[in-house]
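Close look at the chain arrangement
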Amino acid sequence: MASMSFPNPLSREGFFGPVTATLDWCEANYQFSYYIAEMVNSFSNLFTIYFALHLAWCVSKEKLPARFFVGCMGILLVGLGSFAFHASLLYEAQLADELPMIWVVSMSFWLLYDYQIGFDLSSSQTKLQVGSLVLFDILFSLSYYIYRNPVYHQVIFAIMILSCASRITYLLKWSPVRSRIPDDKKRKVASLYTTGAIIFAVGFFIWNLDNIFCDALTRLKLSIGWPAAFLLEGHSWWHFLTGLGTYYMCVGTQYMFVPSRPFIQHALTLLQNCVHQG
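Criteria and thresholds
- Residues numbered from 1 in each chain as written.
- Predicted model: local features only at pLDDT ≥ 70, side-chain atom pairs only at ≥ 80, totals over all residues.
- Heavy atoms only, no water.
- Helix = DSSP H or I, 4+ residues; strand = E, 2+ residues; numbered from the N terminus.
- Buried < 20%, exposed > 50% of the residue type's maximum accessible area, 1.4 Å probe, protein only.
- Axes fitted to C-alpha atoms, helices over the stretch in contact; angles between N-to-C directions.
- Parallel < 35°, antiparallel > 145°, perpendicular 65-115°, else oblique.
- Left-handed = near helix turned anticlockwise from the far one by under 90°.
- Contact = heavy atoms within 4.5 Å.
- Nonpolar A, V, L, I, M, F, W, Y, C, P; charged D, E, K, R; others polar.
- Disulfide = S-S within 2.5 Å.
- UniProt positions renumbered as here; feature names shortened; annotations may be inferred.
- 1 Å grid on protein atoms, 1.4 Å probe; cavity = no way out; pocket = protein on both sides within 12 Å on 5 of 7 lines; lining within 4 Å.
- Phe/Tyr/Trp six-rings, centres within 6.5 Å; stacked < 30°, edge-to-face > 60°.
- Lys NZ or Arg CZ within 6 Å of the ring centre and 35° of its normal.
- pLDDT = per-residue confidence, 0-100.
- Patch = residues over 30% accessible without salt bridge, like charges linked within 9 Å, V, L, I, M, F, W, Y side chains within 5 Å.
- Areas by Shrake-Rupley, 256 points an atom, 1.4 Å probe, with all protein chains shown as cover.
- Salt bridge = Lys/Arg side-chain N within 4 Å of Asp/Glu carboxyl O.

1. Some thoughts on the environment of Val-59
Of note, Val-59 is situated in helix H2 (residues 45-61). Residue classification places Val-59 among the buried positions, given a relative accessible area of 1%.

2. Focus on the packing of helix H4 (residues 91-113) against helix H6 (residues 150-173)
Two elements in contact, H4 and H6, have axes whose closest approach is 10 Å; the angle formed by their N-to-C orientations is 20 degrees. With respect to their mutual orientation, H4 and H6 come out roughly parallel. As H4 runs across H6, the sense of the crossing is left-handed. Of the residues in H6, those touching H4 at Glu-98, Met-101, Ile-102, Val-105, Ser-106, Ser-108, Phe-109, Leu-112 and Tyr-113 are His-153, Ile-156, Phe-157, Met-160, Ile-161, Ser-163, Cys-164, Arg-167, Ile-168 and Leu-171. Its residues assigned to classes, the contact of H4 with H6 shows 13 nonpolar, four polar and two charged.

3. As for the state of the cysteines
A complete count under the given rule lists one disulfide for this structure. For Cys-26, the disulfide goes to Cys-214, at an S-S distance of 2.2 Å. Measuring the twist about the S-S bond at about 95 degrees, one finds the Cys-26-Cys-214 disulfide to be right-handed. Taken together, the residues span a long stretch of sequence, with Cys-26 in the segment before helix H1 (39-43) and Cys-214 in helix H8 (residues 214-224) at a distance of 188 residues. Residue Cys-26 is classed as buried on the basis of its relative accessible area, which comes to 0%.

4. Let's talk about the UniProt feature "binding site: Ca(2+)" (unreviewed entry) in the protein chain
Residues given the UniProt feature "binding site: Ca(2+)" (unreviewed entry) here are Asp-24, Trp-25, Glu-27, Asn-29 and Glu-38. Taken from the residues named earlier, the lining of the largest pocket is made up of Trp-25. Looking at the secondary structure, you find Trp-25 in the segment before H1. On the basis of relative accessibility, which here comes to 4%, the residue Trp-25 falls in the buried class. Examined against the element boundaries, Asn-29 turns out to sit in the segment before H1.

5. Brief notes about the packing of aromatic side chains
In the structure shown here, the tally under the stated rule is 24 aromatic pairs. Summarising the aromatic geometry, the rings of Phe-51 and Phe-240 are spaced 6.2 Å apart at their centres and angled 45 degrees between planes, so their arrangement reads as tilted. Here the residue Phe-51 occupies a position in helix H2, and Phe-240 occupies one in helix H9 (residues 234-257), the gap between them amounting to 189 residues. A relative accessible area of 5% places Phe-51 in the buried class. Accessibility expressed as a relative area gives 23% for Phe-240, which makes it partly exposed. Sitting above the plane of the Tyr-145 ring, Arg-148 keeps its charged end 4.7 Å from the centroid.

6. Quick look at the confidence of the model for the protein chain
Summing up the model confidence of the protein chain, the mean pLDDT is 83 and the portion of residues at 70 or higher is 85%. No element of the protein chain has a lower mean pLDDT than helix H10 (residues 262-277), which averages 51, and none a higher one than H1, which averages 95.

7. Re a nonpolar patch on the surface
Among the surface-exposed residues, Phe-15, Phe-16, Tyr-34 and Tyr-35 lie close enough to one another that they form a single nonpolar patch of about 460 Å² accessible area. Take Phe-15: it is sitting in the segment before H1. Relative accessible area serves as the criterion here: at 47%, Phe-15 is assigned to the partly exposed category.

Have a look at this one:
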């Protein structure tokens, strides 16, 4: 799952100096700008930033629970951190990319478990869940700072993503609350979440093709030239597809958990429309 450090013949030295991150992707460093290490991998994060802001606007406009807005801001933080990471290839910026990924998924995991309490933080159970969430994030962040192996991060991230998908399946099919979710809502949630998961998986597949076939892709880029060669930057496709996949899955989660009353139903319809308009 981890990327190797690729000795790209097109790479140059740039503004931020030598690479200190534990990962260096297939895209050549400072090929097009002295100030931006990986041009396409950096600017492809604008898609993630857009998806996060668009969804946050929908949540804010319809006054959905604050926890959903916080989740959108977490996704925005991932996009900004990833931009900084690929622009500089510094280890500190890498942490600004990778740690928020864990924080956002852990929050999603909490949302999928806090379905009987409501949407405030007044109950002792919710407080315990939030405290456990914060403790996990702190412990992981410290351990990853000490044990700087990107495979460790990627394995934990994958386990958490799969756990969220399993939890969604359980809630829709076997949980005690499944009878309170109308069948049409179940189908819509399943469709949104499945679509997002497939898009996410395609992005992961392309990312790994970029890792495995970097040398061949670099030769192909040289043969076809730029700007057409920008389309062969597989990690930038990972940014776009995972941003879009996360967008779908967030809408699915919100659609399942927001209380069923007329005002909220209108909000959920708007959220679904945001997917297609975005």
